[in-house]
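Letter by letter, the chains look like this.
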Amino acid sequence: MYVDRNNDGQITADDKYLGHKADADYTFGFNTNFTWKNWTAALSGHASIGNWVYNNVASDTEMLADLWTNQFVSNRVASAPKSMFTQAQYLSDYYLQDGSFLKLDNFTLGYTFPKLFKINADRNASLNIFGTVQNICTFTKYSGIDPEVYGGIDGTVYPRPRTYVCGLKLNF
């Protein structure tokens, strides 16, 4: 439903309004390290609170009139019954969603073998084995793929990858 905000009897561009903003009210970041005996662990992440996102991916895939122009009709039929719009709703706030989130970015776990072999009378070589996971998870109520978008419009259909890294560090 559209609202005649200026009460001129017509729905025009003059009835547009800014209901929410794309910029977050608050942003946070955190980083922590733990060490216990020869074990180390590190965790980092960030959060955004109060930002709003226009879910353009959903608005593009739910429009019923566009089903026939897409080669992947079977993929779009599954999402179409959510709104049942026959035409694009670009001037509507129907797809505007709270984009607040908490992301866990990196987690590293490692173990150090402190005395791998002797280098000389005063020094030993050590070996550190570690594993890291990047882009672990996102906690959000946003229904799209990722609420962290530039400019407040989510037009991306390809998610950020989760990556795994294993490594060895030899110190001598």
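What counts, and where the lines are drawn
Residues numbered from 1 in each chain as written. Predicted model: local features only at pLDDT ≥ 70, side-chain atom pairs only at ≥ 80, totals over all residues. Heavy atoms only, no water. Pairing = 2+ DSSP bridges. Helix = DSSP H or I, 4+ residues; strand = E, 2+ residues; numbered from the N terminus. pLDDT = per-residue confidence, 0-100. Salt bridge = Lys/Arg side-chain N within 4 Å of Asp/Glu carboxyl O. Buried < 20%, exposed > 50% of the residue type's maximum accessible area, 1.4 Å probe, protein only. Lys, Arg positive; Asp, Glu negative; His and termini not counted. Contact = heavy atoms within 4.5 Å.

1. Points about the pairing of strand S2 (residues 39-49)
In the sheet, strand S1 (residues 26-36) pairs with S2 via 11 bridges, with the strands oriented antiparallel. Opposite phenylalanine 34, over in S2, you have alanine 41 as the bridge partner. Pairing geometry for S2 and strand S5 (residues 101-118), over 10 bridges, is antiparallel. Among the inter-strand pairings, serine 44 is bridged to a residue of S5, identified as asparagine 106.

2. A word on the confidence of the model for the chain
Overall, the prediction assigns the chain a mean pLDDT of 82, with 80% of residues at 70 or greater. Averaged pLDDT values over the elements of the chain bottom out at 51 in helix H2 (residues 73-77) and peak at 97 in S2.

3. With respect to the sheet that holds strand S7 (residues 153-154)
Read across the sheet, three strands follow the order S4-S3-S7 without closing on themselves; strand pairing throughout is mixed. Two strands bound the open sheet, and with one partner strand each, they are strand S4 (96-98) and S7. Both strand S3 (residues 52-55) and S7 contribute to a ladder of two bridges, which runs parallel. Bridge pairing links asparagine 55 to aspartate 154 in S7.

4. Overview of the pattern of salt bridges
Between side chains of opposite charge, pairing is possible as soon as their charged atoms come close. As enumerated under the stated definition, the model contains five salt bridges in all. For lysine 21, the salt bridge identified is with aspartate 25, shortest N-O distance 2.3 Å. Given a relative accessible area of 37%, lysine 21 falls into the partly exposed group. Across the pair arginine 160 and glutamate 148 runs a salt bridge whose closest N-O atoms are separated by 2.8 Å. In this pair, arginine 160 sits in the loop between S7 and strand S8 (163-171) while glutamate 148 sits in the loop between strand S6 (124-140) and S7, placing the two residues 12 residues apart along the sequence. Given the relative accessible area of 45%, arginine 160 is considered partly exposed. When its relative accessible area of 26% is taken as the criterion, glutamate 148 is described as partly exposed.

5. Some points on the side chain of aspartate 154
For aspartate 154, the location among the structural elements is in strand S7. Despite its burial, aspartate 154 pairs with no opposite charge; the closest candidate is arginine 160, at 8.8 Å N-O. If we ignore the near neighbours within four places in the chain, the residues touching aspartate 154 are Val53, Tyr54, Asn55, Asn56, Val57, Tyr142, Gly144, Ile145, Asp146 and Val149.

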